[in-house]
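As a plain string of letters, each chain reads:
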Amino acid sequence: MSSKHDPAPELLAKAETLTEALPYMQRYAGKTFVVKYGGHAMGDPELARDFAEDVVLMKAVGINPVVVHGGGPQIGAMLKKLGVESSFVDGLRVTDAETAKVAEMVLSGAINKELVNWIGQAGGRAVGISGKDGGFVKATKVQRTRKDPDSLIEQAVDLGFVGEPSHIDTTILDTISNAGMIPVIAPIGIGEDGATYNINADTMAGAVAAALGAARLFLLTDVPGVLDKAGDLMTDLTPEQIKVLQGDGTISGGMIPKLETCVLSVEAGVDAAVILDGRVPHAMLLEIFTKRGAGTLVRA
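Presented here is a report on the structure given in the accompanying data block. (Residues numbered from 1 in each chain as written. Predicted model: local features only at pLDDT ≥ 70, side-chain atom pairs only at ≥ 80, totals over all residues. Heavy atoms only, no water.)

## Details of the overall build of the protein chain
Alright, step 1. Each helix and strand in the protein chain was counted, giving 9 helices and 16 strands.
Alright, step 2. Expected size for 300 residues packed as a compact globule is a radius of gyration near 19 Å; at 20 Å, the protein chain falls within 12% of this value.
Alright, step 3. Here the C-alpha coordinates of the protein chain stretch approximately 80 × 45 × 35 Å along the principal axes.
Alright, step 4. With 300 residues in all, the protein chain has 46% of them scored as buried.
Alright, step 5. Restricting the contact set of the protein chain to residue pairs at least 6 apart, pairs at least 24 apart contribute 72%.
Alright, step 6. Carbon and sulfur atoms make up 55% of the accessible area of the protein chain, which amounts to about 14,900 Å² in all.
Alright, step 7. Of the charged side chains in the protein chain, 27 are positive and 37 negative; the average position of the first set lies 3 Å away from that of the second. (Helix = DSSP H or I, 4+ residues; strand = E, 2+ residues; numbered from the N terminus. Rg over C-alpha atoms; globule rule 2.2 N^0.38 Å. Buried < 20%, exposed > 50% of the residue type's maximum accessible area, 1.4 Å probe, protein only. Contact = heavy atoms within 4.5 Å. Areas by Shrake-Rupley, 256 points an atom, 1.4 Å probe, with all protein chains shown as cover. Lys, Arg positive; Asp, Glu negative; His and termini not counted. Charge placed at Lys NZ, Arg CZ, Asp CG, Glu CD.)

## Thoughts on the sheet that holds strand β16 (residues 296-298)
Alright, step 1. Spatially, 8 strands are ordered β5-β10-β2-β1-β13-β15-β16-β14 in an open sheet, and the strand pairing comes out mixed. The sheet terminates laterally at β5 (126-130) and β14 (236-237), the two strands that pair on one side only.
Alright, step 2. Note: β5 against strand β10 (residues 182-186), 5 bridges, orientation parallel. Across the sheet, the residue bridging to Ile-129 is Ile-185, located in β10.
Alright, step 3. Relative to β10, helix α4 (residues 97-121) is tilted by about 155°, and along the sheet it contacts β1 (32-37), β2 (64-69), β5 and β10. (Pairing = 2+ DSSP bridges. Axes fitted to C-alpha atoms, helices over the stretch in contact; angles between N-to-C directions.)

## Description of the sheet that holds strand β9 (residues 162-168)
Alright, step 1. The strand order β6-β9-β12-β11 describes a closed barrel built from 4 strands, whose pairing is mixed. Here the average twist between neighbouring strands, direction ignored, is 60°.
Alright, step 2. Pairing between strand β6 (residues 137-141) and β9: 5 bridges, direction antiparallel. Paired with Lys-138 across the two strands is His-167, which belongs to β9.
Alright, step 3. Across the sheet, helix α6 (residues 201-212) lies against β6, β9, β11 (188-191) and β12 (196-199), angled at about 5° from β9, the strand it touches most.

## Some points on the side chain of Glu-287
Alright, step 1. Considering the arrangement of structural elements, one finds Glu-287 in helix α9 (residues 283-289).
Alright, step 2. Buried and unpaired, Glu-287 has no salt bridge, with Arg-216 as the nearest side chain of opposite charge at 5.3 Å.
Alright, step 3. A distance of 2.7 Å separates the side chain of Glu-287 from the backbone nitrogen of Ala-294, its partner in a polar contact.
Alright, step 4. Polar side-chain contacts of Glu-287 include one of 3.3 Å to the backbone nitrogen of Gly-295.
Alright, step 5. Excluding residues within four positions of it along the chain, Glu-287 makes contact with Phe-218, Val-274, Leu-276, Gly-293, Ala-294, Gly-295 and Leu-297. (Salt bridge = Lys/Arg side-chain N within 4 Å of Asp/Glu carboxyl O. Polar contact = N/O pair within 3.5 Å; in protein donor to acceptor, adjacent residues only side chain to side chain.)

## Description of helix α1 (residues 9-28)
Alright, step 1. Counted at 1.5 Å a residue, the expected span for α1 with its 20 residues is 28 Å, and the 29 Å between its end C-alpha atoms agrees.
Alright, step 2. Taken together, the buried positions of α1 are Ala-21, Tyr-24 and Tyr-28.
Alright, step 3. Downstream of α1 by a residue or two, Gly-30 has a phi angle that is positive, lying close to 85°. (Expected span 1.5 Å × (residues − 1).)

## Re empty space enclosed by the protein
Alright, step 1. Taken as a whole, this structure holds 1 cavity of 30 Å³ or more when the rule is applied.
Alright, step 2. Estimates place the volume of the largest cavity at around 90 Å³.
Alright, step 3. For the lining of the largest cavity, the elements supplying multiple residues, two or more each, are α2 (45-60) and α9.
Alright, step 4. The element best represented in the lining of the largest cavity is α2, accounting for 4 residues.
Alright, step 5. A per-class count over the lining of the largest cavity returns 8 nonpolar, 2 polar and 3 charged. (1 Å grid on protein atoms, 1.4 Å probe; cavity = no way out; pocket = protein on both sides within 12 Å on 5 of 7 lines; lining within 4 Å. Points joined across faces, edges and corners; volume = space filled by probe spheres on them. Nonpolar A, V, L, I, M, F, W, Y, C, P; charged D, E, K, R; others polar.)

Structure below.
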């Protein structure tokens, strides 16, 4: 029997949402989640605010979030402004010494500090670093080949200062997280020769998640997740299924390297990797704290 003093239905709905989230909060307390932040969500202040709130909420309920961000479009815009030409091979920017300096300036400077500020505005405390800080990401030069269209002979392609993580020392990340703060990482690494290397943000996030033994790796993108041939979202995939879907052409283009990152991370010990649409407000909270989930989850 109801009375005029009963709470409004929308308040009851909020309470039910919190009780639905409770078992997930208990399950993930003390776990590490690595989040790759990129795509259009980075250029939209409202989505950036939502993202920062999600990360701060995770920290508040006992999860340790670690953020790795990209910045390809912003690097491209700055290179254009400076009149520096750039080209791509297999989605990776060919990076000469001048381009590498611009990439570091944009990634470790403008973007990194803006993200730290968004998290601060949402009530959290973040520390922005790159792989150079504390020497935490050692990188090696990426080796790529491609077929000459005339001779069909495989030729080496020099991408310049584009690297991939070869070793990650998590000491600095553990120190920041244990102090109650959120690490925000620019995808820059340092070579054995002291050179600065630009690293693909998805690759960096996967390597950091594996090194930390993370419970989750989230890759925020500009698509809902992996879609089948009918255009419907595939919510759960295994590495074996991904191989089949790649073979029959269901998975193609930019989704291939993202799924390769997911597979490598779960094979290296991450519990699960999730491809999520960063354009959906609070997509991470829906994925973590509801039964339905919100993207494509990959687990071994």
